[in-house]
Number of protein chains: 2
Amino acid sequence: MRTFRGLTSMEEATGLIEEHTGPIDRLQIVSLADALERVLGEDIKADFDVPSRDRSAMDGYAVVASDTLKASSSRPVRLRLGGKVSIGQTPKLTVRRGECAAVSTGCFIPDGADAVLMHENTETDAETVVVYKPAYVGENISVRGSDVKKGSVPLRIGDFITPARVGVLASLGRAVIRVFDKPNVSIIPTGPELTKVGFPLEEEKIYDINSHTLSAVVTENGGSPELRDPIMDDRESIAQAIENSMDSDLIVVAGGSSVGERDLMYDVLSNMGQVLFHGVQIKPGKPTICAHVRGKLVLGMPGHPTSCLSNAYLLLMPIVRKLAHLPPRRLTTVRAKLSRRIVSTLGRKVFMTVRLCEGQAEPVYKESSAITSMADADGYIVIPENTDTIEKGDEVEVSLFY
Amino acid sequence: MRTFRGLTSMEEATGLIEEHTGPIDRLQIVSLADALERVLGEDIKADFDVPSRDRSAMDGYAVVASDTLKASSSRPVRLRLGGKVSIGQTPKLTVRRGECAAVSTGCFIPDGADAVLMHENTETDAETVVVYKPAYVGENISVRGSDVKKGSVPLRIGDFITPARVGVLASLGRAVIRVFDKPNVSIIPTGPELTKVGFPLEEEKIYDINSHTLSAVVTENGGSPELRDPIMDDRESIAQAIENSMDSDLIVVAGGSSVGERDLMYDVLSNMGQVLFHGVQIKPGKPTICAHVRGKLVLGMPGHPTSCLSNAYLLLMPIVRKLAHLPPRRLTTVRAKLSRRIVSTLGRKVFMTVRLCEGQAEPVYKESSAITSMADADGYIVIPENTDTIEKGDEVEVSLFY
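Keep in mind the model is a prediction, meaning the values are calculated, not measured. (Residues numbered from 1 in each chain as written. Chains lettered and ligands numbered in written order. Predicted model: local features only at pLDDT ≥ 70, side-chain atom pairs only at ≥ 80, totals over all residues.)

A few words on the overall build of chain A. In terms of helices and strands, chain A carries seven helices and 26 strands. For chain A, whose C-alpha radius of gyration is 32 Å, the value lies well above the compact-globule estimate of 21 Å for 402 residues. The dimensions of chain A, computed from C-alpha atoms along their principal axes, are 100 × 50 × 40 Å. Contacts in chain A between residues at least 24 apart in sequence constitute 69% of all its contacts with a sequence separation of at least 6. (Helix = DSSP H or I, 4+ residues; strand = E, 2+ residues; numbered from the N terminus. Rg over C-alpha atoms; globule rule 2.2 N^0.38 Å. Contact = placed C-beta atoms within 7 Å.)

Another point: the sheet that holds strand 15 (residues 250-254) of chain A. All names here are of chain A. Spatial strand order, 14-11-15-19-18-16: six strands in an open sheet with mixed pairing. In this open sheet, the two edge strands, each paired with only one partner strand, are strand 14 (224-227) and strand 16 (274-278). The average undirected angle you get between the axes of adjacent strands in this sheet is 20°. With four bridges joining them, strand 11 (residues 184-189) and strand 14 adopt parallel strand pairing. Each residue of the ladder has a partner; that of Ile 187, found in strand 14, is Leu 227. On the sheet, helix 1 (residues 10-19) packs against strand 16, strand 18 (289-293) and strand 19 (296-301) and is oriented at approximately 155° with respect to strand 16. Strands strand 11, strand 14, strand 15 and strand 19 of the sheet are contacted by helix 3 (residues 210-220), whose axis makes an angle of about 165° with strand 11. (Pairing = 2+ DSSP bridges. Axes fitted to C-alpha atoms, helices over the stretch in contact; angles between N-to-C directions.)

Looking now at the domain arrangement of chain A. The domain boundaries assigned to chain A delineate domain 1 (10-26 + 182-323), domain 2 (29-48 + 153-180), domain 3 (55-142) and domain 4 (333-400). Taken over C-alpha atoms, the centre of domain 2 of chain A sits 37 Å from the centre of domain 3 of chain A. (Domains from an automatic or database assignment.)

To continue, consider the interface of chain B and chain A. Taken together, the contacts link 74 residues of chain B with 74 residues of chain A. Residue assignment for the side of chain B that touches chain A shows that the elements contributing at least two residues are helix 2 (163-171), strand 13 (206-207), helix 3 (210-220), helix 6 (305-323) and helix 7 (372-375) of chain B. With eight residues, the single largest contributor to the side of chain B that touches chain A is helix 2 of chain B. Residues of the side of chain B that touches chain A, tallied by class, amount to 33 nonpolar, 26 polar and 15 charged. (Nonpolar A, V, L, I, M, F, W, Y, C, P; charged D, E, K, R; others polar.)

Take helix 6 (residues 305-323) of chain A next. All names here are of chain A. The largest bend in helix 6 amounts to roughly 50° and is located at Ala 312. With 17 of 19 residues buried, helix 6 is to be regarded as a mostly interior element. Of the residues flanking the end of helix 6, it is His 325, one or two places downstream, whose phi is positive at about 65°. (Bend = angle between axes of the 7 residues up to and from the residue. Buried ≥ 20, exposed ≤ 12 C-beta atoms within 10 Å, placed from the backbone.)

What follows is about the packing of helix 1 of chain A against helix 6 of chain A. All names here are of chain A. Closest axis-to-axis distance for the helix 1/helix 6 pair is 10 Å, and the angle between their directions is 20°. Our classification of the angle between helix 1 and helix 6 gives roughly parallel. For the element pair helix 1 and helix 6, the recorded crossing hand is right-handed. Where helix 1 abuts helix 6, its residues Met 10, Ala 13, Thr 14 and Ile 17 lie against Leu 314, Leu 315, Pro 318 and Ile 319. Here the residues of the contact of helix 1 with helix 6 are counted per class, giving seven nonpolar, one polar and no charged. (Parallel < 35°, antiparallel > 145°, perpendicular 65-115°, else oblique. Left-handed = near helix turned anticlockwise from the far one by under 90°.)

In the segment running from B:Val50 into B:Pro51, the intervening peptide bond is cis, with an omega of -10°. Relative to the helices and strands, B:Pro51 resides in the loop between strand 1 (27-31) and strand 2 (55-56). Of note, the amide linkage connecting B:Lys283 to B:Pro284 takes the cis form, showing an omega dihedral of -5°. If you trace the backbone, B:Pro284 turns up in the loop between strand 17 (282-283) and strand 18 (289-293). Not every positive phi belongs to a glycine, and A:His325 is a case in point at roughly 65°. Note on placement: A:His325 falls in the loop between helix 6 and strand 20 (333-338).

Moving on to the packing of helix 3 of chain B against helix 6 of chain B. Residues and elements named next belong to chain B. Their axes nearest at 9 Å, the elements helix 3 and helix 6 cross at an angle of 25°. On the basis of the axis angle, helix 3 is roughly parallel to helix 6. Helix 3 and helix 6 meet at a crossing whose hand is right-handed. Every residue of helix 6 that contacts helix 3 at Asn 210, Thr 213, Leu 214, Val 217 and Val 218 is listed here: Pro 305, Cys 308, Leu 309, Ala 312, Tyr 313, Leu 316, Met 317 and Val 320.

This next bit is on the relation of the copies chain B and chain A. Expressed as a screw operation, the relation of chain B to chain A combines 0.0 Å of axial shift with a rotation of 180°, fitting to an RMSD of 0.1 Å. Accordingly, the operation relating the two chain copies is best matched by a two-fold axis. Among all residues of chain B, the one whose C-alpha sits closest to the rotation axis is B:Thr332, at a distance of 2.9 Å. The fraction of interface residues of chain B whose copies in chain A are also interface residues reaches 100%, indicating that both copies meet through the same surface. (Least-squares fit on C-alpha atoms with pLDDT ≥ 70 in both.)

Turning next to the pairing of strand 4 (residues 77-84) of chain B. Residue and element names in this part refer to chain B. The sheet contact formed by strand 4 and strand 8 (residues 128-131) spans four bridges and is antiparallel. By the bridge assignment for strand 8, Val 77 is matched with Val 131. Pairing analysis gives four bridges linking strand 4 to strand 5 (residues 99-103), with the strands arranged parallel. By the bridge assignment for strand 5, Leu 81 is matched with Cys 100.

Below, the discussion takes up the nonpolar core. In summary, soluble globular proteins display a tendency toward joint burial of nonpolar side chains. Counting residues in hydrophobic clusters, the biggest one holds 186 residues, and the most contacted among them are A:Val252, A:Val253, A:Leu316, B:Val252, B:Val253 and B:Leu316. Those residues in contact with A:Val252 that lie beyond four places of it in its chain are A:Val185, A:Ser186, A:Ile187, A:Ile188, A:Leu214, A:Leu299, A:Met301 and A:Leu316. (Core = buried A, V, L, I, M, F, W, Y, C linked by C-beta atoms within 7 Å.)

In a beta sheet, neighbouring strands are held together by backbone hydrogen bonds and run either parallel or antiparallel to one another. Residues and elements named next belong to chain B. Strand order in the open sheet made by the six strands is 14-11-15-19-18-16, with mixed pairing throughout. Whereas interior strands pair on both sides, the edge strands pair on one side only; in this sheet they are strand 14 (224-227) and strand 16 (274-278). Within the sheet, the average angular offset between the axes of one strand and its neighbour, ignoring direction, is 20°. Both strand 15 (residues 250-254) and strand 19 (residues 296-301) contribute to a ladder of five bridges, which runs parallel.

With respect to the helices, strands and loops of the structure, A:Asp47 is situated in the loop between strand 1 (27-31) and strand 2 (55-56). Each C-alpha atom, one on A:Asp47 and one on A:Val153, is 9.7 Å from the other, the two residues being 106 residues apart in sequence.

We now examine the environment of B:Asn140. Residue and element names in this part refer to chain B. In this fold, Asn 140 is placed in the loop between strand 8 and strand 9 (141-142). We classify Asn 140 as buried; it has 22 C-beta atoms within 10 Å. Counting along the chain gives 60 residues from Asn 140 to Arg 80, while the straight-line C-alpha distance between them is 20 Å. With residues up to four places along the chain from it excluded, the contact list for Asn 140 reads Ser 56, Ala 57, Met 58, Gly 60, Ala 115, Val 116 and Met 118.

Let us look at the confidence of the model for chain A. A low pLDDT score tells you not to read the predicted coordinates there in detail. Averaged over every residue, the pLDDT of chain A is 93; residues scoring 70 or more account for 97%. What the predictor reports for the complex is a pTM of 0.94 with an ipTM of 0.94. (pLDDT = per-residue confidence, 0-100.)

Attention now moves to helix 2 (residues 163-171) of chain A. Of all nine residues that make up helix 2 of chain A, nine are buried, and the element is covered over most of its length. Of all the residues in helix 2 of chain A, the buried ones are A:Pro163, A:Ala164, A:Arg165, A:Val166, A:Gly167, A:Val168, A:Leu169, A:Ala170 and A:Ser171. The secondary structure elements touched by the buried residues of helix 2 of chain A are strand 10 (176-180) of chain A together with strand 13, helix 3, helix 6 and helix 7 of chain B. Looking one or two places after helix 2 of chain A, you find A:Gly173, whose phi comes out positive at around 75°.

Looking at where A:Arg55 falls in the secondary structure, it is placed in strand 2. Along the chain, A:Arg55 and A:Met317 lie 262 residues apart, while their C-alpha atoms are 46 Å from each other.

All names here are of chain A. Burial runs high along strand 19: six of the six residues are buried. In strand 19, alternate side chains face the same way, and those of Lys 296, Val 298 and Gly 300 on one face and Leu 297, Leu 299 and Met 301 on the other are all buried. One ladder, built from five bridges, connects strand 18 with strand 19; its direction is antiparallel. Bridged to His 292 within strand 19 is Leu 297. In this structure, the hairpin formed by strand 18 and strand 19 is closed by a connection of two residues, where Arg 294 is found at a positive phi of approximately 45°.

Here it is as structure tokens:
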């Protein structure tokens, strides 16, 4: 019987994956409303200045700054109110020395004026504005092009589109934008015991869980999952299903990678391409295999739902994000004291799910076949290979699932 | 002229919002593929046990544990190999004393057997299995109902649907699920200077930025934005637009809330309902107003794009999440040293955008009218009301936008 020929450490496994994964090139055109959380596929060059003219940043009066130089609360300066500038219109008046014009926030600055005095520092009647404080040149003026200069490139290819960057695209009037396409990830569940969700369950079958959890992780990390129907776990079916999915950017096979009678993935993948690793020093999730087939990665995940999903966080997520041009995901972490002693496995990194209860981290792991080992958890802790026990009350770092 | 009658602190403002916001009741039915990151609108009760029968957690041999009690490497026990159980089928054989049956991971355990021996602890030929280690009762068996028990409620109304919880729904065969509807948020841009993105820009106009940034924040936090066309900033137009949006769960008006000639929101909102606060001790973002109108919140945001968006993070985000039954968002934070001295404003909390450069936090704030003050940033720091200076090299906590 074949056994794992030396397990690969998680660090080596992620390193091999990193080395054999490159971001995809395909672009897609989306509307501004759909650009959020996508990655820019073009440099955004400004065709005009934002703002297009000097604008007032305040409600107040546009003045000639030098007129107000000597203004003080004891010796105010009086200016003639020459008129009012309406917002959204090109000012028709010019401010001459000794004059001012009422402006509101966002108004264009009329010719002649070089500063805006805040209402708060003035008093006014219908014809005169009394100024109690000098204005400096440029005060309360948003200068033409100060936000985005014509010809500049405020956003670049590869930028992740945040709400603020949606704002920059809007300021330039961009209704459609080129973004990188989402990587297509084929998900192939294997095993004659699987029934598709939505179909009646015969007594000796179980519902396919892994397709849905893998698909969720792909979706959360900027990928586009393509669920295949469950296939038999024999060499021919697996090889055929992988072949049929070779137009995807990544192929994930769930189940069939453990060592034993049903360990077919190694045979299939070593025939099709180069096996990068087979067996990872992690618990749960040891029986994971990864191969490089004609320029694409094929990942074989364990069939146990918790092993499959925990390795989706540790191994699949970084691949999908890199394909999608996304930066590595930083799961939020919190520190908490362990509610009870945990005994770990020396020589394997252990992925232990925990729930946060009254500030304590409570282990909720049942067994790798139980999806509730993950679903009842708020996050997980990783126990290093060289640690066999963590005591009750020890502080641990919890990576949160949400 | 009217001035702000005493600014409200950010803590008071968020407290008032919290007090006047309740989660929405409406439900929606979604497919399993669309359930990710939604909030359950029903208790999920298990109609059957998962697994539905005792299953093997390993590849190996189903045995009667008591037969193996005395097995050791020096004195192995020999069992007759009675047959093989196929996965996905109901076992046809029964394991009698002195016998065993080959099983693979996920197989149902045949009658008579009460433990599974791992391959690794046996040797075998066609008819006999040699056992070198005793098995205990229940070893390597996933007991019927151990993942989800029939009649139990593994997921409850209000649970946030993570990938693992998608897995629980799949294990129970749930193809469609009741989730809470996304709260509808009407977004009303005001100002005659605004042009809708997608239309040509006249020289004296600017593109509407705030609708798109607000809409992005609503989307990121589980809401469904409804963008209205820009309206004039006069009392009648604003009141009418709010009235037309009263079927939304929340109404956000952008612009028109500063004190001055164009300060109309206070008049409109105090006529329609109860103003909760008007003017917040935050910079940028002071001219923000919030009212309670016929059981709904109306939020008036400043017109300056950065003021509008920073208050969307601080004030709008918590409202949308609460309406959507989502837990408060924990933005990821990192600690970094400030790259240069910042002078702040005593008496106002300051929201200062920064970029992370070589481990340092570099302030990128230009002015509140510039959307690039936010777009160029990786996150923000909040400077307390009682701090006027942070020195170069001081450590600050940066909340990351992504």
